[in-house]
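# Remarks on the overall topology
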Amino acid sequence: MPFYITTPIYYVNDVPHIGHAYTTIACDILSRFQKLNNQDVFFLSGTDEHGQKVEKAALNSSTTSKKFVDQMSENFKKLIPFLGCEINDFIRTTEKRHIEGVQFFWQKLKKNNQIYLSNYEGWYSIRDEAFYVESDLIKDGNDYKTSSGSTVEWVKEKSYFFKLSKWQDKLIEYYENNPELISPKSRYNEVLSFIKGGLKDLSISRTTFSWGVPVPEDKEHVMYVWIDALCNYITALGYPNKENSSFNRYWPGVHIVGKDILRFHAVYWPAFLMAAELDPPKKIFAHGWWTNEGNKISKSLGNVIDPYSIIKEYGLDQIRYFLFREIPFGNDGDFSKNAISKRVNADLSNNYGNLVQRISTFIIKNCNGRINQTLNFNKVDNKLIKLFEEKFKNYHEQMSIQQIDKALRSIFDLLSETNVYVDSQAPWTLIKTDKERMKVVLFLICNIIIKSTIMLLPVITESSTKVLKIFNYNFDCISFNNFNKLLDHDIEISNPKPIFPRINL
Ligand code: MSP
């Protein structure tokens, strides 16, 4: 089955930070999970390069807008492999394929009588690239600000409008019939009550600057950056080419976005798509925001977390794991070095790493690195096997609904119980008293280690790969098909090495 997953496309007005890395890694985890389910995955990321915010940043640089966006986009592109993420395509909104696709989309909306020309007069925030009504704003002396602190300016210009108001009832009906389309539930409720509060037609073109996609047949206007940006999800798939195209195969997709941009994705985007007679997205998941040691992350506070330096300091898998285990996916979270160290030491070093290390070195030392396959399990063993089946089921269910932290918790509960089993069965004692029983115990522990490692593969990809190599696991066999079945071959271990050294607190 095709599975299409997207990150938001990142504004190139600034360099990437941990917030951007977070969304990209989330998509990578979910994409790798679906690959293990044998799905045909298409994972897209890219950069949002038009609009006033980017134009302003380009003007402040000493180069042309084109050169500026080329350089800045490269920073986002380069970050992806550094984060251990594997994408299928990277789209830039300044590419020809995108511009042509958006212009086609615009014409389709026009043909369907969804667009009209009028005048816009109201507040606009360049930082948010969004229009505001006065009741959304907070008075700040003589000025107004948004609730998140963005400044706004009064705009008065000719503009094309999209007939968003016409889609209010359709959107309500659509979401009421499909409540699982927006997650978490609280965000779904928020979107639905926003739509029920009334939708106004949306200004979708600007005339006071020129860094945007030209509106077809009206050179005075460029498109509003959000209609341009949202279309990346389909232009990257080859839209408007529908026959035999990736568009045909992969659309509709799953969008992972931050809570700040949910409204654009869950209100405007489905309405645009329905108006162009296309399917709305399959799912929109809104994640929360990270703060840094309790403070909002912002350039002016000088506390922006650079993904390169934090990964160099703690390790890639350590950061990937921390980001997705520490807080429920969907909630806000606080990034603190103390929390990273505690989390890594407790889970990755003690619970998982130690288990792998002590079992693999024990087998090398005492069994020549080899444990034969067996089925001679007793009651205690069967209890652990049952627990594994339950935890895998739970892991699978949670990952399928993007609850990455809960899925990880299932694996670590299983590993904790496995550690208890190791201590109670004590293979180091059995070697003296009952060698046959020792082999059964070790075979079962190796099975649980291998299965847990495969479950961890989407999150801590590099380290899981290393562990599977230590256990000489055949990578061609990796899939969640028949996952409950224990290994039907002997286990061979080579070159055990420590994988998660403890971080000194
Ligand atoms: N260009 C738009 C998206 C267009 S998609 C059609 C945009 N870009 S952005 O670069 O400003 O933000 C991209 C993503 O980074 C958003 O999902 C946003 O929520 C996320 N984050 C930015 N700062 C963040 C944190 N401090 N914490 C978590 N995520 C954050 O919006």
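In this report, the structure presented in the accompanying data block is examined. It should be emphasised that the depicted structure is a prediction, and the values quoted were computed from it without experimental measurement.

### As for the overall build of the protein chain
Each helix and strand in the protein chain was counted, giving 18 helices and 20 strands. In terms of overall size, the protein chain behaves like a compact globule, its C-alpha atoms giving a radius of gyration of 26 Å where 505 residues would be expected to give roughly 23 Å. Overall size of the protein chain, expressed as C-alpha extent along the three principal axes, is 90 × 45 × 40 Å. Residues classed as buried in the protein chain amount to 58% of the 505 residues present. Taking the contacts inside the protein chain whose residues are at least 6 apart along the sequence as the reference set, 77% of them involve residues at least 24 apart. Element-wise, carbon and sulfur atoms account for 48% of the exposed surface of the protein chain, whose accessible area totals about 22000 Å². Treating the 62 positive side-chain charges of the protein chain as one cloud and the 58 negative ones as another, the clouds have centres 3 Å apart.

### Remarks on the pattern of salt bridges
Any two side chains of opposite charge can pair if their charged atoms end up close together. Tallied over the full model, the rule gives 30 salt bridges. In this structure, the salt-bridge partner of D405 is R409, at a minimum N-O distance of 3.6 Å. Placement of both D405 and R409 in helix α15 (residues 404–425) is noted, with a separation of 4 residues, approximately one turn of the helix. Residue R409 is classed as partly exposed on the basis of its relative accessible area of 36%.

### Structural notes on the packing of aromatic side chains
Taken as a whole, this structure holds 41 aromatic pairs when the rule is applied. Centroid distance F285 to F329: 4.7 Å. Interplanar angle 5°. Geometry classified as stacked. Of this pair, F285 sits in strand β15 (residues 283–287) while F329 sits in the loop between α12 (316–325) and β18 (333–335); the two residues are 44 residues apart in sequence, bridging distant segments of the chain. Residue F285 shares its accessibility class with F329, and that shared class is buried. With a centroid separation of 5.8 Å and an interplanar angle of 80°, the aromatic rings of W290 and F335 are classed as edge-to-face. You can see W290 sitting in strand β16 (residues 290–292) and its partner F335 sitting in strand β18, a full 45 residues away along the chain. The pair formed by W290 and F335 is uniform in burial state, with each residue classed as buried. One aromatic cluster in this structure is built from Y4, F42, F104, F105, Y233, Y239, F247, Y250, W251 and W269.

### Describing the environment of N177
Mapped onto the elements, N177 comes out in helix α5 (residues 168–177). Spatially, the C-alpha atoms of N177 and V41 are 27 Å apart, while their sequence positions differ by 136 residues.

### Observations concerning the nonpolar core
With 185 residues, the main nonpolar core has F105 and Y175 as its most contacted residues. In terms of residues, this core owes the most to one element, helix α17 (residues 435–456), which gives 14 residues. Once residues within four sequence positions are removed from consideration, Y175 is found in contact with L181, I182, Y188, V191, L192, I195, A266, P270 and I284.

### Quick notes on the layout of surface pockets
What the second largest pocket holds in volume is close to 360 Å³. Lining the second largest pocket we find 19 residues, and of these Y473, C477, L487, D488 and H489 sit closest to its centre. Sorting the residues of the lining of the second largest pocket by element identifies α17 and β20 (491–492) as the ones contributing at least two each. Among the residues forming the lining of the second largest pocket, the class breakdown is 8 nonpolar, 6 polar and 5 charged.

### Some points on the sheet that holds strand β9 (residues 153–162)
Spatially, 4 strands are ordered β6-β5-β9-β11 in an open sheet, and the strand pairing comes out antiparallel. Whereas interior strands pair on both sides, the edge strands pair on one side only; in this sheet they are β6 (130–132) and β11 (202–203). As judged from the 2 bridges shared by β9 and β11, these two strands associate in the antiparallel manner. Bridge pairing in β11 places F161 opposite S203. Contacts between helix α10 (residues 262–275) and the sheet are confined to β6, β9 and β11, with β9 contributing the most and set at about 30° to the helix.

### As for empty space enclosed by the protein
Under the defined criterion, the tally for this structure stands at 1 cavity of 30 Å³ or more. Considering only enclosed or pocket space, the largest cavity measures out at about 40 Å³ in volume. Surrounding the largest cavity, Y10, H20, T24, S45, F76, L79, I80 and L83 form its lining. Contributing elements (two or more residues each) for the lining of the largest cavity: α1 (18–36) and α3 (65–82). Broken down by element, the lining of the largest cavity gets its largest block of residues, 3 residues, from α3. Partitioning the lining of the largest cavity into residue classes produces 5 nonpolar, 3 polar and no charged.

### Topic: the sheet that holds β16
Pairing within the open sheet is mixed, and its 3 strands lie in the order β17-β16-β18. Every other strand in the sheet has two partners, leaving β17 (295–296) and β18 as the edge strands with one partner each. Strand direction decides the pairing type here: β16 and β17, joined by 2 bridges, are antiparallel. Paired with T291 across the two strands is K296, which belongs to β17.

### Quick word on α5
When α5 is considered as a whole, its buried residues turn out to be Q168, L171, I172, Y174 and Y175. Buried positions in α5, seen along its axis, are confined to an arc of 165° and lie on one side of it. Turned more than 90 degrees away from the buried face of α5 sit D169 and N177, all of them exposed. On its buried side, α5 packs onto β10 (182–183), α6 (185–196), α10 and β15.

About the cut-offs
All residue numbers refer to position in the chain's written sequence, counted from 1. At least 70 in pLDDT is required for a residue's local features to be given in this predicted model, at least 80 for side-chain atom pairs to be given and counted, and no such filter applies to totals for whole chains, interfaces and linings, which use all residues. Each side-chain value is derived from all of the structure's non-hydrogen atoms; neither hydrogens nor water enter the calculation. Helix and strand labels come from DSSP, where a helix needs a run of H or I of at least four residues and a strand needs a run of E of at least two; each type is numbered from the N terminus. Our radius of gyration looks at C-alpha atoms and nothing else; its globule reference is 2.2 Å times the residue count to the power 0.38. For every residue, the accessible area obtained with a 1.4 Å probe (protein chains only) is divided by the maximum for its type, and the residue is called buried under 20%, exposed over 50%, and partly exposed between those limits. Only heavy atoms matter for contacts: two residues are in contact if any of them lie within 4.5 Å across the pair. Only the protein chains shown count as covering a residue, and every accessible area follows the Shrake-Rupley method with a 1.4 Å probe. Working convention for charge: Lys and Arg count positive, Asp and Glu count negative, and His plus the chain ends are omitted. For this purpose, a charge sits on NZ of Lys, CZ of Arg, CG of Asp or CD of Glu. The salt bridge criterion pairs a side-chain nitrogen of Lys or Arg with a carboxyl oxygen of Asp or Glu, the two atoms within 4 Å. Pairing of aromatic side chains here covers Phe, Tyr and the six-membered ring of Trp, requires ring centres within 6.5 Å, and sorts the geometry by plane angle: under 30 degrees stacked, over 60 edge-to-face, intermediate tilted. Note on terminology: a nonpolar core comprises buried Ala, Val, Leu, Ile, Met, Phe, Trp, Tyr and Cys residues joined through side-chain atoms within 4.5 Å. Residues are called lining when one of their atoms sits within 4 Å of a cavity or pocket point, these points coming from a 1 Å grid over the protein atoms alone, where a cavity is a set in which a 1.4 Å probe fits but cannot get out and a pocket is an open set with protein on both sides within 12 Å along at least five of seven lines. Grid points are joined across faces, edges and corners, and a volume is the space filled by probe spheres set on the points. Gly falls in the polar group here, along with every residue not listed as nonpolar (Ala, Val, Leu, Ile, Met, Phe, Trp, Tyr, Cys, Pro) or charged (Asp, Glu, Lys, Arg). Strands qualify as paired when DSSP identifies two bridges or more between them. A fitted line through C-alpha atoms serves as each axis, taken over the contacting stretch for helices, and the angle formed by two N-to-C directions is quoted from 0 to 180°. Directions pointing from the helix axis toward each C-beta atom define the arc.

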